[in-house]
Amino acid sequence: MKTTQYLPSSAWAFLIWLITMTLLPFTIILGMSFLERTELGTILFSFSLRNYQQLLDWVYLKVLVKTVWLALMATLSCLAIGFPVAYYLARVQGTMKSLGLILLFIPFWTNFILRIYGIVSLFGSNGILNQLLMFLGLPKASILYTRWGVYFGLVYNYLPFLVVPIYSSLEKLDPFLREAAFDLGATRFQTFRKVILPNIKEGLFIGSIFVFIPMLGEYVIPDLLGGAKEAFLGKVMVEQFFILQDWPLGSAIATMLSVLLLAALWLQNRWTSKGLAHAI
Amino acid sequence: MGTQRIAILFLGLALVIGGILFLRGKVAHTNTLRICTWSNYFPEESLRDFTDKTGIRVELTYISSNEELFAKLKAGATGFDIIQPSDYISSRLIALSMLAPIDPRLLPNLHHLDPYYFSLPYDPGLKYTVPFTFGTTGIAVNTSKVSVPEGQLSWSFLLDSPDAGHTSLLDDMREVFSAVLFFKGLSPNSRDLASLQNVKSDISKVRDRVLMFTSEPKPLLLKQELTVAHIFSVDAIQAHRENPDIKFFIPKEGGIIWTDNFAIPSTSTRIEQAHQFINFFLEPQNNLTVVEANLLATPNKSTRQLLPEALQKDPSMYPSQETLAKLKFLEDLGDALPRLSRMWTELKS
Amino acid sequence: MLLNLEAVTKNFGGFQLHPLTLSIERGEFFSLLGPSGCGKTTVLRLIGGFESPTSGRIILNGQDITSLPPHRRNIHTVFQRYALFPHLTVFENIAFPLRLKKMAASEICSRVTECLKLVEIEDLKDRRTHQISGGQAQRTALARALVAKPDLLLLDEPLSALDPELRMKMREELKTICKKVGITFLLVTHDQEEALQLSDRIAVFKAGQCLQVGTPKAIYEDPVDTFVARFIGSVNEIAGELQGEPSPETGELALASNAGNFKIKKNGHPLPRQVSVILRPEKMRLLRSKSTTQENLMEGEIQDQTYLGSRTEYSVKIGNSTFKVFEQELERLKKRRLNTGDRVFLAWRSDDAIVLPQQTV
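Every value quoted in this text rests on a predicted model; they were computed, and no experiment measured them. (Residues numbered from 1 in each chain as written. Chains lettered and ligands numbered in written order. Predicted model: local features only at pLDDT ≥ 70, side-chain atom pairs only at ≥ 80, totals over all residues. Heavy atoms only, no water.)

## Details of the overall build of chain B
Next, step 1: Check the secondary structure of chain B and you find 15 helices and nine strands.
Next, step 2: Here the C-alpha radius of gyration of chain B, 23 Å, is about what a compact globule of 349 residues would show, namely 20 Å.
Next, step 3: Split into buried and exposed, the 349 residues of chain B put 54% on the buried side.
Next, step 4: By element, 55% of the accessible surface of chain B is carried by carbon and sulfur atoms, the whole surface being about 15500 Å².
Next, step 5: Each charge class in chain B can be summarised by its mean position, and for the 34 positive and 38 negative side chains these summaries are 5 Å apart. (Helix = DSSP H or I, 4+ residues; strand = E, 2+ residues; numbered from the N terminus. Rg over C-alpha atoms; globule rule 2.2 N^0.38 Å. Buried < 20%, exposed > 50% of the residue type's maximum accessible area, 1.4 Å probe, protein only. Areas by Shrake-Rupley, 256 points an atom, 1.4 Å probe, with all protein chains shown as cover. Lys, Arg positive; Asp, Glu negative; His and termini not counted. Charge placed at Lys NZ, Arg CZ, Asp CG, Glu CD.)

If you want it as structure tokens, here you go:
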């Protein structure tokens, strides 16, 4: 079959957008990661691997490992909570479904900082939870300004992003697949494992990536809810750009994060034969 | 077909609008000053007064941090005539020759400034900057929750707080290191790696005890989540206004003093008008309007005399001469900075 | 007797299944026939275990399976849209029920291959489900349902998604496979031609009620009411009133109607005076001129004719009604050609008419 070699004109608009908004900035960051910094914080145009060497320092590696671990744990928590939610929303119909979807999306329409401060009001040492505990004569819970506060903030904030792709792929499933599996002798659990799960693999992966990657770069939540006691990759990177005036080092960290993203996407592509476009 | 054309039209429009906005940055009316300022800093009436008096219009652009300002200038923004950098940014800008020199002949009101400000380490003789406010870093204590000992407070009150579970440190590398350096009787601008390592280990012990790091402790102090906070004087004073139990202390070992200044970028084309602006706000009456609106401490001695007695004598706003002598400006650390920042990252991991 | 439904009812929403008692014999091809919404699919789902009856019992092979979930019933289903598993190959789809039983790999392989051969899709075994055609998918679904040798195979309108030519072919194959493997087939369809062609016995449903159960011939020749008569095949109807008593010698009875007075025979059902006489088009002869005959005669005018190749269909206007009648091509060629408006006669024998009580719907 002969394929047309030229692109339709609408594709050109998209291509221009893609190049200026994605490829160009990325190339700039990539390039900057190989430059050096002067004492005063401006950029020296000389090629150097110093930034990447610096990142191999155990301090930065420790931050990287910590951040990856945090993002991983938070993602798994999101999966544990979000998957049943997505499953329920896909199975239920009528008012409950509409209500459920609205509740899921309300956080999207609220300002992010407001939501975080909402958590502070809830879990702060004089917050609603502690006031309840005090009223019941129980000891205070200090969730905020600890790792747990950060976990909670991450899961709370990113949960809808995980639920939506999973819900979407569950919705697209032929409802008769489940019945067919039962009919042929599978128990509920076997049906779930052998029929449902393999067919929503893509949704699961997309949802996890949508959540894992941004979490790697998070710094507002660790600052506001974690008491800024621990620096994660996002914070270290932002500090390079704004406080410490070491743009090349910051770019190196940014490049590293981008490479992680590309690696995750490549993994996904290999794992599911149909690829990204099919899943969405 | 239809959507295709709309898409291209839209893109074209976006580019055109972008171009117009960009050019506006280059071309401007001759009698307009472009000022990069903090939000709500200048009261409307003062700016109108200025325009009435001099015929020069004023256009404001807002930023929220020094780093943002520096990033903008470094990225090549050339449309500003007046900027308001803090002291440490000013010293960087001076070193990079990004500031136009100040001509004292165009500032007849300069003499209103307190003599202290003519020998600042980052700009001796005020060749490039003119301070419009100053402040200090110290400790805020909610005295109704935590009792303060007699006599002058020491930095140990923060570092070894009686209520560590409700204590915070500033999320600022230089400030936190300075607190310990002061405590040890050392200079906050020390580059000695050995001392810095010691300080680092001290901080790591403190870090485990305190509740959090934050550069904005005011709301939490008011909510009583914090009772002892490492804080900038400006925030402490505002908190005190709302809750008189919250008091501000400058420890006896000394602390950091900082200024916010007027400066003229070297790329400005309206240097004379910029000087007129600075001169206008050096006028005690005009300075007073701004100071009253923002509850800031002023380096202008004439303005100070116009303030109510209580305010003039308030040590949290206007430290005594004795205290002033112990206060230090933060200076650039040069090649020690990367090593310090690595220590800071280590502390936070 | 393989399957017994005892007074099974089902109520949900606005629908109600009237108490159904039905038995299906081992090895037979049984169809549930009726218009949309008549409840036939509900009955299928009740047997499959996807719905629970409101009351009544379902007995399979002597065992009460009423409360058993689908996966515990030895009944497999071919779904209308096949419901093949998209993440598995054709081979694996068919192997699915066997893998659930934890059968040995070698045995799975031989059984699946056997089924692939049965439905003639051996060369598709490694294809994915989106790489095969509709007909091939249908065969895969059939193989998957048969491979575990269930007691009963349910088919939910399996041919409705296929194009007419393929449908014809598949009908024949279904019948063949049924007899070959000896498994009882229960088919749900709204296509009466399909039911007639494939089934050993048919159950006709309307609005949640089973009207008649019988062989295709019985349903066709001896419908229990006008609905069944009308649903199967084509009909011409005469509404009339019975007059007097049947003649002792001929057994014929007089009928008065708007189309004329005729002689009919009762066929064993109790009949009221107001009846509906059903005349199938193929039971009526088309005459160009009046002739003396023992048969009933009706006079009319050709309104329309449709040439169908092997036969021609005529619409004849008699009085206020239109009657449909066929003429086989061989016959037609022997006689004078008919045009619209021509005067013709329809003849029919009294025992070829199906006489039923009149029904409003």
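## Points about the overall build of chain C
Next, step 1: Within chain C, the regular secondary structure consists of nine helices and 20 strands.
Next, step 2: Sorting the 361 residues of chain C into buried and exposed places 50% on the buried side.
Next, step 3: For chain C, the proportion of contacts with a sequence separation of at least 24, taken over those separated by at least 6, is 65%.
Next, step 4: For chain C, the exposed area adds up to about 16500 Å²; of that, 48% sits on carbon and sulfur atoms.
Next, step 5: A distance of 3 Å separates the average location of the 48 positive side-chain charges in chain C from that of its 43 negative side-chain charges. (Contact = heavy atoms within 4.5 Å.)

## What to know about the domain arrangement of chain C
Many descriptions give the size of an interface as the accessible area lost when the pieces come together.
All names here are of chain C.
Next, step 1: Domain boundaries assigned for chain C yield domain 1 (3-227) and domain 2 (234-357).
Next, step 2: Taking the mean C-alpha position of each, domain 1 and domain 2 sit 39 Å from one another.
Next, step 3: Taken together, the contact pairs seven residues of domain 1 with nine residues of domain 2.
Next, step 4: A buried area of about 690 Å², summed over both sides, lies between domain 1 and domain 2, and 49% of it is on carbon and sulfur atoms.
Next, step 5: Summed over the three residues of domain 1 that lose the most area to domain 2, namely Y220, P223 and T226, the buried surface amounts to 64% of that side.
Next, step 6: Scanning the region where domain 1 abuts domain 2 turns up one salt bridge.
Next, step 7: With a closest N to O distance of 3.4 Å, K283 and E221 form a salt bridge.
Next, step 8: Remark: the boundary between domain 1 and domain 2 carries three residue pairs in polar contact (both at pLDDT 80 or more).
Next, step 9: Its residues assigned to classes, the side of domain 1 that touches domain 2 comprises three nonpolar, one polar and three charged. (Domains from an automatic or database assignment. Buried area = accessible area lost by both parts, 1.4 Å probe. Salt bridge = Lys/Arg side-chain N within 4 Å of Asp/Glu carboxyl O. Polar contact = N/O pair within 3.5 Å; in protein donor to acceptor, adjacent residues only side chain to side chain. Nonpolar A, V, L, I, M, F, W, Y, C, P; charged D, E, K, R; others polar.)

## What about the interface of chain A and chain C?
Next, step 1: Between chain A and chain C, the residue contacts involve 17 residues of the former and 18 residues of the latter.
Next, step 2: When chain A packs against chain C, close to 1800 Å² is buried across both sides, 65% of that on carbon and sulfur atoms.
Next, step 3: On the chain A side of the interface with chain C, the three residues burying the most area are E179(A), D183(A) and L184(A), jointly 38% of the side's total.
Next, step 4: Summed over the shared surface of chain A and chain C, the result is one salt bridge.
Next, step 5: Linking chain A to chain C there are six residue pairs in polar contact (both at pLDDT 80 or more).
Next, step 6: Residue assignment for the side of chain A that touches chain C shows that the elements contributing at least two residues are α8 (175-183) and α9 (188-199) of chain A.
Next, step 7: Of all the elements, α8(A) adds the most residues to the side of chain A that touches chain C, at seven residues.
Next, step 8: Across the side of chain A that touches chain C, the residue classes tally to nine nonpolar, four polar and four charged.

## Remarks on the sheet that holds strand β13 (residues 260-265) of chain C
All names here are of chain C.
Next, step 1: Taken together, five strands build an open sheet; the order of strands is β13-β12-β11-β14-β20 and the sheet is antiparallel. Strands at the two margins of the open sheet, each flanked by one partner only, are β13 and β20 (354-357). This sheet shows a mean twist of 45 degrees between the axes of neighbouring strands, independent of strand direction.
Next, step 2: Taken together, the four bridges between strand β14 (residues 274-279) and β20 define a ladder with antiparallel strand orientation. Directly across from V275, in β20, lies its bridge partner P357. (Pairing = 2+ DSSP bridges. Axes fitted to C-alpha atoms, helices over the stretch in contact; angles between N-to-C directions.)

## A word on the interface of chain A and chain B
Next, step 1: With 38 residues of chain A in contact, the opposing surface of chain B contributes 36 residues.
Next, step 2: Approximately 3300 Å² of surface area, both sides summed, lies buried where chain A meets chain B, with 57% of it carried by carbon and sulfur atoms.
Next, step 3: Between chain A and chain B we count two salt bridges in total.
Next, step 4: Across the pair D57(A) and R342(B) runs a salt bridge whose closest N-O atoms are separated by 2.4 Å.
Next, step 5: The tally of links between chain A and chain B comes to eight residue pairs in polar contact (both at pLDDT 80 or more).
Next, step 6: Looking at the side of chain A that touches chain B, the elements that each hand over two or more residues are α1 (9-32), α3 (58-91), α5 (112-123) and α12 (233-242) of chain A.
Next, step 7: Counting residues per element, the side of chain A that touches chain B draws most heavily on α3(A), which supplies six residues.

## What about the side chain of S341(B)?
Next, step 1: On the secondary structure map, S341(B) appears in helix α15 (residues 336-347).
Next, step 2: If near-sequence neighbours (up to four positions away) are discounted, S341(B) is found in contact with L244(A) and M173(B).

## A word on the arrangement of the chains
Next, step 1: Across the two pairs of chains in contact, the largest number of contacts is found between chains A and B.
Next, step 2: No interface is formed between chain B and chain C, the nearest pair of C-alpha atoms being 32 Å apart.

## Observations concerning the packing of helix α7 (residues 147-172) of chain A against helix α10 (residues 201-217) of chain A
Two quantities define a packed helix pair, namely the angle between the axes and the distance from one axis to the other.
Residue and element names in this part refer to chain A.
Next, step 1: Where α7 meets α10, the axes come as close as 7 Å, and the angle between the chain directions of the two elements is 155 degrees. Classified by the angle between their axes, α7 and α10 sit roughly antiparallel to one another. When the axes of α7 and α10 are compared, the crossing they make is right-handed. Each of L154, Y158, F161, L162, P165, I166 and S169 in α7 lies in contact with α10, whose residues at this interface are G203, L204, I206, G207, S208, F210, V211, P214 and M215.
Next, step 2: By residue class, the composition of the contact of α7 with α10 is twelve nonpolar, four polar and no charged. (Parallel < 35°, antiparallel > 145°, perpendicular 65-115°, else oblique. Left-handed = near helix turned anticlockwise from the far one by under 90°.)

## What to know about the pairing of strand β19 (residues 343-348) of chain C
All names here are of chain C.
Next, step 1: For β19, a buried count of five out of six residues is recorded, marking the element as mostly surrounded by other parts of the structure.
Next, step 2: As judged from the three bridges shared by strand β15 (residues 285-287) and β19, these two strands associate in the antiparallel manner. Following the sheet pairing, L287 is matched in β19 by F345.

## Quick word on the domain arrangement of chain B
Residue and element names in this part refer to chain B.
Next, step 1: Splitting chain B by domain gives domain 1 (29-133 + 258-318) and domain 2 (135-257 + 328-347).
Next, step 2: Here the C-alpha centroids of domain 1 and domain 2 sit 28 Å apart.
Next, step 3: Contact residues are listed per partner, giving 14 residues for domain 1 and 16 residues for domain 2.
Next, step 4: Both faces combined, the contact of domain 1 with domain 2 buries some 1400 Å², and carbon together with sulfur accounts for 65% of it.
Next, step 5: In this structure, the connection of domain 1 to domain 2 is made through two residue pairs in polar contact (both at pLDDT 80 or more).
Next, step 6: Listing elements by their share of the side of domain 1 that touches domain 2, those giving two or more residues are α4 (87-95) and β9 (257-263).
Next, step 7: Across the side of domain 1 that touches domain 2, the residue classes break down as nine nonpolar, three polar and two charged.

## Digging into helix α10 (residues 271-282) of chain B
It helps to recall that an α-helix has 3.6 residues per turn; residues three or four apart then point in one direction.
Residues and elements named next belong to chain B.
Next, step 1: For α10, which comprises twelve residues, the first-to-last C-alpha distance of 17 Å matches the rise-based estimate of 16 Å (1.5 Å per residue) to within 8%.
Next, step 2: When you tally the buried positions in α10, you get nine out of twelve residues, the bulk of the element.
Next, step 3: Where α10 is concerned, the buried positions are Q273, A274, H275, F277, I278, N279, F280, F281 and L282. (Expected span 1.5 Å × (residues − 1).)

## Quick word on the sheet that holds strand β3 (residues 29-33) of chain C
Residue and element names in this part refer to chain C.
Next, step 1: Here six strands make up an open sheet; going across it, the order is β6-β7-β8-β3-β9-β10 and the pairing mixed. With partners counted over all chains shown, the strands left at the sheet margins are β6 (75-78) and β10 (209-214), one partner each. Sheet twist, expressed as the mean angle between neighbouring strand axes with direction ignored, is 20 degrees.
Next, step 2: Pairing of strand β9 (residues 201-206) with β10 involves five bridges; the strand directions are antiparallel. Along β10, the bridge assignment pairs F205 with C210.
Next, step 3: Across the sheet, helix α4 (residues 134-146) is in contact with β6, β7 (152-156) and β8 (184-189); its angle to β6 comes to roughly 180 degrees.

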